[in-house]
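Listed here are the chains, written in short residue letters.
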Amino acid sequence: MFKDDVKEVFDFSMDMIHWTNRELPTPLKPSERYSLKRDEETLYKDLCNAFGTDVDVSVEEANKATVLNEFAFDDALQKLNIRGLVLLMNNYTTIRILCKI
């Protein structure tokens, strides 16, 4: 009986780790993540998933990597820049995706 309980707890914890990693695939703390608006969170998750963090990508590449439309992308990008999650460089043609932990 004890062996089955240990296996059940282990399986449960592995499921929780899997679902947490899937739900929170960015380096943001949960409290920071929940302070973002939906489009900001979507853009940051899309950028982190597509490119990782601490890398530079063109605004054009970043726009192709997200599900947001052009207007929502521009607005979310500006807000992520203000929050310090991305850095807009080279006259707003390049984005550095920052690892905020």
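Residue positions are counted from 1 within each chain, in the order its sequence is given. Since the coordinates come from a predicted model, pLDDT governs what is reported: local features require at least 70, and pairs of side-chain atoms require 80 or more to be given and counted, while whole-chain, interface and lining totals use all residues. Computation of side-chain values: all heavy atoms of the structure, hydrogens and water removed.

K.L.:
Any chance you could explain the pairing of strand β3 (residues 94-97) here in plain terms?
P.N.:
A regular strand places its side chains on the two faces of the sheet in alternate fashion. The rule for pairing is simple: two strands pair if DSSP sees at least two bridges between them. A run of H or I in DSSP counts as a helix once it spans at least four residues, and a run of E counts as a strand once it spans at least two, with each numbered from the N terminus. By the bridge criterion, four bridges tie strand β1 (residues 55-58) to β3 in an arrangement that is antiparallel. Across the sheet, S58 pairs through a bridge with T94, a residue of β3. Two elements, strand β2 (residues 86-89) and β3, share four bridges in a ladder whose sense is antiparallel. Counted as the bridge partner of L88 is I95 from β3. The antiparallel hairpin formed by β2 and β3 contains four residues in its connecting segment, where N90 sits at a positive phi of about 50 degrees.

K.L.:
Before we go on, may I ask you to explain the environment of L36 in this structure?
P.N.:
Looking at where L36 falls in the secondary structure, it is placed in the loop between α2 (30-35) and α3 (38-51). What makes L36 buried here is its relative accessible area of 8%. Each C-alpha atom, one on L36 and one on R83, is 9.3 Å from the other, the two residues being 47 residues apart in sequence. The rule is simple: take the accessible area with a 1.4 Å probe, protein chains only, and divide by the maximum for that residue type; under 20% is buried, over 50% is exposed, in between is partly exposed.

K.L.:
Looking at this structure, I do not really get the environment of L88. What am I missing?
P.N.:
With respect to the secondary-structure elements, L88 resides in strand β2. A relative accessible area of 12% means that L88 is categorised as buried. Along the backbone, L88 and V59 are 29 residues apart, and their C-alpha atoms lie at a distance of 8.8 Å. If near-sequence neighbours (up to four positions away) are discounted, L88 is found in contact with L77, Q78, N81, T94 and I95. It only takes one pair of heavy atoms within 4.5 Å for two residues to be counted as in contact.

K.L.:
Mind showing me how you'd approach the pattern of salt bridges here?
P.N.:
We count a salt bridge whenever a side-chain nitrogen from Lys or Arg sits within 4 Å of a carboxyl oxygen from Asp or Glu. Applying the stated criterion to the full structure yields five salt bridges. The salt bridge partner of D56 is R96, with a shortest N-O separation of 2.6 Å. Taken together, the positions of D56 in strand β1 and R96 in strand β3 put the pair 40 residues apart, joining distant regions of the chain. A residue is classified by how much of its surface remains accessible, and R96, at 30% relative accessible area, is partly exposed. Across the salt bridge formed by K79 and D75, the nearest N and O atoms sit 3.1 Å from each other. Of this pair, K79 and D75 both sit in helix α5 (residues 70-83), four residues apart, which is roughly one turn of the helix. Take D75: its relative accessible area is 35%, and that puts it in the partly exposed class.

K.L.:
Looking at this structure, how should I read the sheet that holds β2?
P.N.:
Pairing between sheet strands relies on hydrogen bonds along the backbone, with the strands arranged either parallel or antiparallel. The strand order β1-β3-β2 describes an open sheet built from three strands, whose pairing is antiparallel. Two strands bound the open sheet, and with one partner strand each, they are β1 and β2. Neighbour-to-neighbour, the strand axes of the sheet open up by a mean angle of 25 degrees, direction not taken into account. The strands that α3 touches are β1, β2 and β3; relative to β3, the one it contacts most, it runs at about 85 degrees. Across the face of the sheet, α5 comes into contact with β2 and β3 while running at roughly 110 degrees to β2. Angles run from 0 to 180 degrees between N-to-C directions of axes, and those axes are lines fitted to C-alpha atoms, restricted for helices to the stretch in contact.

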